[in-house]
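Commentary on secondary and tertiary structure
One-letter residues, chain by chain:
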Amino acid sequence: MRLSLGSLLLAVVATAACHSGDSTAPAGGLGIAPGAVYLTPGDSITLSAQRSGSTEVNVTWSSADTSVVVVTQSAGAAAMLRAKKIGLTTVTVSKGGEAASVPVSVVAPAVSHIAINPSGPTTHIDGRVQLTAEVRNADGELLTNRHVGWASNNTAIASIDDNGMVLGRQIGSAIITAYSEGQQASTIVYVTQAIVATVVLRPSPVVVARYDSVQMRAIPLDVHLDTLQGRATWYSSDTTIAKVGTNGVVYGRKQGSTTILAQVDDKVGSTTITVGPARAASLEISTANGLALAKYEQGQVIVHVRDVAGNELFGHTVVFASNNSGIASISNTGLVTAVEQGTATISVDCEALHHTFGVAITAPLAASVSVNPSSASLTEGDTVRVVPTATDSHGNPILRGKSFTFVSSQPADVGVDQNGLVTVYNYHPGSVSIRVTCDGQTATAVITLVPPAVAFLTISPAQATVSAGSRIVVSATAYDSQGRTLPTAPVVYVSNDLNHATVDQNGVVQTDPNHVGATGQVTITASSGGKQISAVITIIP
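What comes next is a walk through the structure. Predicted, not measured: the structure shown is a model, and the values here were computed from it.

Section: the sheet that holds strand β41 (residues 375-378)
- A sheet is described by the order of its strands in space; here 4 strands give the open sequence β41-β49-β48-β45, paired in mixed fashion. Two strands bound the open sheet, and with one partner strand each, they are β41 and β45 (405-408). The mean inter-strand angle of the sheet, taken between neighbouring strand axes irrespective of direction, is 25°.

Structure, rendered in structure tokens:
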């Protein structure tokens, strides 16, 4: 069984001797005196067996945990115990079938005194000093494995961590206190201004490109090589090659080597700086926003390499690459060739710089355009679709990716939409051209207009009665198969009896004035497009 530190300390505080308590013997029974035992490791105590206030002899003693307490001697009624380590156990006395036990607590020795080493140390700003604490008991014995806490009464001057390491922060003094188990000790720590023994520059040596900069640090050290505080003053031995700012930033101005110096107090540190050629800081690419080409076309990518000052650099290697050379390939000189329709990404690299842009390859440019049909004969209301075909410079038909423009020479009479559908709105003798354009190339389809076919005729009046010698107008109207009038369709009028009535081509019927006698009839026939219709004219005296 183990005791916690708090329990052991409580046991120590509660008992001022190695034992306490009366006998454990009940009235008339076997017991042990004293009735409770408190020891520290290495202590010994004698116990006795009791019965009704008298010593009991011929008894047997035992410890429940001999790693904590052992029975070193036993004679008659007495037994000598020795504590071995911190812990709790019981010691039992027995005789016949009777037994009695007493609890035994082995606790850590109490802390009585603390000493801090070294005493009254001196350090400097940013310097460190290690303090240790010796913890002893009342007998002056050194106690180990005891927790020691540390504190500073002025952490602005000197702080201390949990391991006793003091850090000097400002000039002055601070009281450092060590404490353990209710005891404490203090010492004064003095913080002074350290003397700079040397100044080290970092990085060292320095290589920087022209127009670039590098941040340098000046590190003041004391004789123990501990880092100190201190502001450095910076110098360059040749400001035409490199200049340095008050904050230690060095700027390369031209190629060459020079010395950078930093002074802290009266100590100076130095290092060599080499200024190399200006590095590529940016790429100016003519196609940075992308490149669009038609299949088989080529495009030149122009790259200007510039330094941080914007000056153009020459002699820097630029590497070009395509992620899909089957779509767009690129030469070492930046010439892009459109291989096939699609998209690809071109990368441009120069030193640590990387840039990409997209290339979109469209259908090849049309070298020629043809249409089918190239000619057609249509009448009013007819339609026909004109299908164009574009051919590239290699004589291959371009099957996708091309758009065509369709234009009619007489859009009021013959229209065409952008899908190539031609519609005849109005008939008139002659022809109309449909021009098809793609990539500046054109082809023409000729639409010849023909009269619409006559499906049937009507005539008015269909019957009439007139007096001999009078006139009447007969009018015939031609219609197509959809019942639309055909005003331009020619109509021919014929009389079946010229002795009684004639008719001209305007449908004017003239009856014979000399007609006498009985009533007669004349048939006027109108013909157009192979269709006929008649009107019956009755002539009366």
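Here's the deal with the sheet that holds strand β34 (residues 312-313)
- On the basis of which strands lie adjacent, the open sheet formed by 3 strands has the order β30-β33-β34 and antiparallel pairing. Every other strand in the sheet has two partners, leaving β30 (282-285) and β34 as the edge strands with one partner each.
- Summarising the sheet, β30 and strand β33 (residues 303-306) pair through 4 bridges and their orientation is antiparallel. Its bridge partner being in β33, Glu284 is matched across the sheet by His304.

Structural notes on the pairing of strand β57 (residues 520-528)
- Inspection of the sheet shows strand β54 (residues 492-495) paired to β57 by 4 bridges, in the antiparallel sense. Across the sheet, Val494 pairs through a bridge with Thr525, a residue of β57.
- Relative to strand β58 (residues 531-540), β57 runs antiparallel, the two sharing 9 bridges. Looking across to β58, one finds that Ser527 is bridged to Gln532.
- As consecutive antiparallel partners, β57 and β58 are separated by 2 residues, and within that stretch Gly529 has a phi angle of approximately 60°, a positive value.

A short note on the packing of aromatic side chains
- Inspection of the entire model under this criterion finds 1 aromatic pair.
- With a centroid separation of 4.9 Å and an interplanar angle of 5°, the aromatic rings of Phe456 and Tyr479 are classed as stacked. Remark: Tyr479 occurs in strand β53 (residues 475-479) and Phe456 occurs in strand β50 (residues 456-460); sequence separation between them is 23 residues.
- Since its relative accessible area comes to 37%, Phe456 is described here as partly exposed.
- Above the plane of the ring of Tyr251 lies Lys243, whose end atom (NZ or CZ) is 5.8 Å from the centre.

Some details on unusual backbone geometry
- In this chain, Ala33 is followed by Pro34 through a cis amide linkage whose omega measures -5°.
- With respect to the helices and strands, Pro34 occurs in the loop between β2 (30-33) and β3 (36-39).
- Here the residue pair Asn372 and Pro373 is connected by a cis peptide bond, since its omega of 0° sits within 30 degrees of zero.
- Here Pro373 is to be found in the loop between β40 (368-372) and β41.
- The phi dihedral of Asn58 falls on the positive side, at around 55°, and the residue is not glycine.
- Residues other than glycine seldom take positive phi values, yet Asp126 does so here, at roughly 70°.
- Inspection of the secondary structure assignment puts Asp126 in the loop between β12 (122-124) and β13 (128-130).
- Looking at Asp126, the relative accessible area reads 25%, which means it is partly exposed.

Here is what the cut-offs are and how they apply
- Residues numbered from 1 in each chain as written.
- Predicted model: local features only at pLDDT ≥ 70, side-chain atom pairs only at ≥ 80, totals over all residues.
- Heavy atoms only, no water.
- Pairing = 2+ DSSP bridges.
- Helix = DSSP H or I, 4+ residues; strand = E, 2+ residues; numbered from the N terminus.
- Axes fitted to C-alpha atoms, helices over the stretch in contact; angles between N-to-C directions.
- Phe/Tyr/Trp six-rings, centres within 6.5 Å; stacked < 30°, edge-to-face > 60°.
- Buried < 20%, exposed > 50% of the residue type's maximum accessible area, 1.4 Å probe, protein only.
- Lys NZ or Arg CZ within 6 Å of the ring centre and 35° of its normal.

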